[in-house]
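Okay, here's what each chain looks like letter by letter:
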Amino acid sequence: MFDVEKIIRQNILNLKPYSSARDEFKGEASVFLDANENSFGSPVSLPLGEGLNRYPDPFQLELKRKISSIKGVPVQNTFLGNGSDEAIDLLFRIFCEPKVNKVIICPPTYGMYEVSANINDVGVIKINLLPNFELDVERVLEVSPIGGDLEGAKLLFICSPNNPTANSFHADDVELLIQKFPGIVVIDEAYINFSKQKSAIRFLTEYENMVVLQTFSKAWGLAALRLGMAFASQSIIDYMNKVKPPYNINQATQQLAMEALNNIEWVNEHIRETITERANLEEKLKQNPFVEKIYPSDANFILVKVKDAQATYNYLVSLGIIVRDRSKVSLCEGCLRITVGTESENRALLNALKKFQA
Ligand SMILES: Cc1ncc(COP(=O)(O)O)c(C=O)c1O
């Protein structure tokens, strides 16, 4: 059995977490004079009329129960962060000793893993994806300190579907890495709702050395709320809760996310629409001779290789159409990353590209 405490930093094992007023008294009461809040109210209120003068639930229990009813993951295996980016940063702080431990990432991939590693002074081992954008499982396991003292890599980040390549990795590769990697495997599923693959959440009951990240920023359409989810063994979640700032998810976010979770139909309808629009966009882009390659997408964006990425990017910007230039990223030379837009946004993009090519 995987013993997570063996790889947690000593200062985190010893940490006595901050105890907030809302931790110390949780029951019903009529007069709250324990948290130095403003007893007179607040100058603005939430859409349902609730004031904002009280600190929010530090562990977001009502929201987690609702998420649990949809995802089927128990509340004690769920962490909520100020975006997945907070969960990424916390994992570095919990597991990686600055200047000592390392992380393995598989570029080209989401840029925050490396930025978070740099902020935390954690060395980065890069094992590039293979030219077909699949995981180089052999190389990852070669550099993993099997049976060692884990002075090497304690964390391995896998992003599936991967940003910016848009593909999902083979489930067998991902499971093999979870089985063989001696540290924690973090599977970032920010784009899972657009994918044909099943979530790695299904491995959680079997493996204790993994964390699945999901977010409300993509399919749920709530990027501005900043709400990310991490699912893992209870011991990992307990350490994440111990290290996080006491009130990391604000009351407006907790309440609005609850409302969103009651409107799952909106989300499902727009996932279907995104997938239809993705297929249309792929089809039309294929007809443009300026487009050299369209990589298969399992996400809400497409990676497209064009004849002159920078000139295309600049031309689109001049028309007020912004895509992401990924042409300087290794293995993505000549590529633009295009988010799937609404039908009219996609039409505007396609018309512009047709004119540019002409
Ligand atoms: C793979 C991946 N993970 C995480 C995030 C960030 O998620 P959040 O908005 O929840 O911080 C992004 C954002 O683009 C992403 O592409």
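Caption draft 1: Region of interest: helix H5 (residues 112-119). What H5 keeps buried is the set Tyr113, Ser116 and Ala117. Down the axis, H5 shows its buried residues gathered within 100° of arc, on one side only. In H5, the exposed residues that point more than 90 degrees away from the buried face are Asn118 and Ile119. Each element contacted by the buried residues of H5 is listed here: helix H4 (84-95), strand E2 (102-105), strand E3 (123-126), strand E4 (153-159) and strand E5 (184-188). Positive backbone phi, approximately 55°, marks aspartate 121, located one or two places after H5.

Caption draft 2: How the structure looks around the domain arrangement of the chain. Structurally, the chain comprises domain 1 (4-19 + 57-262) and domain 2 (265-357). A separation of 28 Å is found between the C-alpha centroids of domain 1 and domain 2. Contacts between the two partners involve 22 residues from domain 1 and, on the opposite side, 20 residues from domain 2. Counting each side, the surface lost to burial between domain 1 and domain 2 is near 1,700 Å², with a carbon and sulfur contribution of 65%. One can count zero salt bridges joining domain 1 with domain 2. There are six residue pairs in polar contact (both at pLDDT 80 or more) connecting domain 1 and domain 2.

Caption draft 3: Main features of the packing of aromatic side chains. On inspection of all chains with the given rule, the structure shows eleven aromatic pairs. Each ring, one from tyrosine 113 and one from phenylalanine 157, has its centre 4.5 Å from the other, and the planes form 20°; the classification is stacked. Linking tyrosine 113 in helix H5 with phenylalanine 157 in strand E4, this pair joins segments that are 44 residues apart in sequence. Taking 4.9 Å as the distance between ring centres and 40° as the angle between the ring planes, the aromatic pair formed by phenylalanine 133 and tyrosine 295 counts as tilted. Of this pair, phenylalanine 133 sits in the loop between E3 and helix H6 (137-143) while tyrosine 295 sits in the loop between strand E8 (291-294) and strand E9 (301-306), and the two are 162 residues apart along the sequence. What makes phenylalanine 133 buried here is its relative accessible area of 5%. The buried category is assigned to tyrosine 295, whose relative accessible area is 12%.

Caption draft 4: Region of interest: the packing of helix H10 (residues 264-286) against helix H12 (residues 343-357). One can describe the packing of H10 onto H12 by two numbers: an axis separation of 11 Å at closest approach and a directional angle of 10°. Overall, the two elements H10 and H12 adopt an arrangement that is roughly parallel. Each of Glu277, Leu281, Lys284 and Leu285 in H10 lies in contact with H12, whose residues at this interface are Glu343, Asn346, Leu349, Leu350 and Leu353. By residue class, the composition of the contact of H10 with H12 is five nonpolar, one polar and three charged.

So, how was this worked out
All residue numbers refer to position in the chain's written sequence, counted from 1. Given that this is a predicted model, residues contribute local features only at a pLDDT of at least 70 and side-chain atom pairs are listed and counted only at 80 or more, while totals for whole chains, interfaces and linings are drawn from all residues. Each side-chain value is derived from all of the structure's non-hydrogen atoms; neither hydrogens nor water enter the calculation. Relative accessibility under 20% of the residue-type maximum defines a buried residue, over 50% an exposed one, and the middle range a partly exposed one, all with a 1.4 Å probe and only protein chains included. Only DSSP runs of H or I with at least four residues qualify as helices, and only runs of E with at least two residues qualify as strands; both kinds are numbered from the N terminus onward. The directions considered for the arc are those from the helix axis to the C-beta atoms. Whether two residues touch is decided by their heavy atoms; if any such pair falls within 4.5 Å, the residues are in contact. Segmentation of the chain into domains, including their bounds, is taken from an automatic or database domain assignment. Buried area counts how much accessible surface, traced with a 1.4 Å probe, disappears from two parts once they are put together, with both parts' losses summed. Think of a salt bridge as a Lys or Arg side-chain nitrogen and an Asp or Glu carboxyl oxygen that are within 4 Å of each other. N or O atoms closer than or at 3.5 Å make up a polar contact, with two conditions inside protein: a donor-capable atom paired with an acceptor-capable one, and, for residues adjacent in sequence, both atoms drawn from side chains. Aromatic rings from Phe, Tyr and Trp, taking only the six-membered ring of Trp, are treated as a pair when their centres fall within 6.5 Å; an angle between ring planes under 30 degrees marks them as stacked, one over 60 as edge-to-face, and anything in between as tilted. In this analysis an axis means a line fitted to C-alpha atoms, helices contributing only their contacting stretch, and an angle means the value between N-to-C directions, from 0 to 180 degrees. When describing relative orientation, an angle under 35 degrees is termed roughly parallel and one over 145 degrees roughly antiparallel, while 65 to 115 degrees is termed roughly perpendicular and anything else oblique. In the scheme used here, Gly and all other residues not listed as nonpolar or charged are polar, with Ala, Val, Leu, Ile, Met, Phe, Trp, Tyr, Cys and Pro taken as nonpolar and Asp, Glu, Lys and Arg as charged.

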